[in-house]
Amino acid sequence: SVVTGCTDGIGKQYAHELANRGCKIVLISRSMDKLQATAEELEKTYGVTTKIIQADFTEGEEVYDKIEKELADLEIGTLINNVGTSYTYPEFFLEIPDLNKTVDTIMKTNCLPVTRMTSIVMPGMTKRGKGVIVNIGSASSMIPSPLLTVYAASKAYVDKFSEGINMEYSKHGIIVQCVLPGFVCSNMSGIRRSSFLAPTAKQFVNSAIRLVGTTSRTNGYLPHALFVKTLNTLYALTGPFAIWLVTRSMENSRRKALKKYKQK
């Protein structure tokens, strides 16, 4: 099994769940220290073999050449495309700090790896007539998402890409699933305390991984599905009011974040 963005949050928990099922794990991420720590943790806890590949997905073509070489002799049964990045805090498009660089990083991290990693591992899967690809999208691409526009749009790409690949290759025995989580406690979301709507990464993955093979598109966690349905129903019924409500909540988060930055 290959997991990208595997040293924190959802990616790390997928690595744990797969190792717990006896899979050998290939960990791909940016930080060598975190990769080594995660590999050690998995080997100690589950007695599985691990391999680490240090890769910064913002670096371009040579990263994929390196990954392809490292994976060439391995039989990959499962790919978890989890690597991703978001805004540091909700912000209006033109006011995003370092706009062009931030947008570039989001596109390179959220859209390209899911596509290129799929093209690297899928030939082997089609040859064997089986394989599982799980792509981590975001519920933000399913609901009104002002102040997270570029992130939500990049995750809409993941959703659409997963849908098409699933249509094209399900007849080859390949299961493709897009998981679209809401808020989860992780470094990326900045949420520290879990709640009904913001589970820990462990709770979330525990729920999502059971749905592999049952559905090709899922929020992975019932409260997140209920939240998306409720918000979209409100949007369908009230339009401008729902947008005002979401924008107001995002502006509140933005205000808090900017206040924190100023204090720093």
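Being a predicted model, the structure only gives us computed values, none of them experimental.

## Section: the overall build of the protein
- Looking only at helices and strands, the protein features nine helices and seven strands.
- In terms of principal-axis extent, the alpha carbons of the protein reach across some 55 × 40 × 35 Å.
- The buried share of the protein, taken over its 264 residues, is 45%.
- Counting only contacts in the protein whose residues sit at least 6 apart along the sequence, the fraction spanning at least 24 positions is 69%.
- Here the protein displays about 13,900 Å² of accessible surface, and carbon together with sulfur accounts for 55% of that area.
- Distance between charge centres in the protein, computed from 32 positive and 23 negative side chains, equals 8 Å.

## A short note on the packing of helix α1 (residues 9-20) against helix α2 (residues 32-46)
- At a minimum axis separation of 10 Å, α1 and α2 run at an interaxial angle of 25°. Judged by the inter-axis angle, α1 sits roughly parallel to α2. Pair α1 / α2 crosses with right-handed handedness. For the pair α1 and α2, the contacting residues are K12, A15, H16, A19 and N20 in the first and T38, E41, L42 and Y46 in the second.

## Some thoughts on helix α6 (residues 149-169)
- With 21 residues, α6 extends 30 Å from end C-alpha to end C-alpha; this agrees with the ideal 30 Å at 1.5 Å per step.
- Those residues of α6 that fall on the buried side of the exposure criterion are V150, Y151, A152, S154, K155, V158, D159, F161, S162, G164, I165 and N166.
- Structurally, α6 contributes buried residues whose contacts are with α4 (99-110), α5 (112-128), β5 (131-136), β6 (174-179) and β7 (217-218).

## Structural notes on the UniProt feature "transmembrane region" (unreviewed entry) in the protein
- Taking the UniProt record as the reference, the feature "transmembrane region" (unreviewed entry) is found at residues 226-246.
- For the annotated span residues 226-246, helix accounts for 95% and strand for 0% of the residues, and the straight-line distance between the end C-alpha atoms is 16 Å.

## Concerning the packing of aromatic side chains
- This structure, assessed with the given rule, holds five aromatic pairs.
- Residues Y157 and F161 carry aromatic rings whose centres are separated by 5.9 Å and whose planes lie at 10° to one another, so their mutual orientation is stacked. One end of the pair, Y157, and the other, F161, are both in helix α6, four residues apart, so they sit about a helical turn from each other.
- Its relative accessible area of 33% is what places Y157 among the partly exposed residues.
- Ring geometry for F241 and W244: centres 5.9 Å apart, planes at 25°, overall stacked. Taken together, the residues F241 and W244, both in helix α9 (residues 240-263) and three residues apart, mark about one turn of the helix.

## Focus: the environment of R210
- As for its position among the elements, R210 is in the loop between α7 (201-208) and β7.
- The spatial distance from the C-alpha of R210 to the C-alpha of G220 is 8.7 Å, given a sequence separation of 10 residues.

## Re the environment of R255
- Considering the arrangement of structural elements, one finds R255 in helix α9.
- For the pair formed by R255 and E91, sequence separation is 164 residues and the distance between their alpha carbons is 9.5 Å.
- A distance of 2.4 Å separates polar atoms of two side chains, one belonging to R255 and the other to N252.

The rules behind each value
- Residues numbered from 1 in each chain as written.
- Predicted model: local features only at pLDDT ≥ 70, side-chain atom pairs only at ≥ 80, totals over all residues.
- Heavy atoms only, no water.
- Helix = DSSP H or I, 4+ residues; strand = E, 2+ residues; numbered from the N terminus.
- Buried < 20%, exposed > 50% of the residue type's maximum accessible area, 1.4 Å probe, protein only.
- Contact = heavy atoms within 4.5 Å.
- Areas by Shrake-Rupley, 256 points an atom, 1.4 Å probe, with all protein chains shown as cover.
- Lys, Arg positive; Asp, Glu negative; His and termini not counted.
- Charge placed at Lys NZ, Arg CZ, Asp CG, Glu CD.
- Axes fitted to C-alpha atoms, helices over the stretch in contact; angles between N-to-C directions.
- Parallel < 35°, antiparallel > 145°, perpendicular 65-115°, else oblique.
- Left-handed = near helix turned anticlockwise from the far one by under 90°.
- Expected span 1.5 Å × (residues − 1).
- UniProt positions renumbered as here; feature names shortened; annotations may be inferred.
- Phe/Tyr/Trp six-rings, centres within 6.5 Å; stacked < 30°, edge-to-face > 60°.
- Polar contact = N/O pair within 3.5 Å; in protein donor to acceptor, adjacent residues only side chain to side chain.

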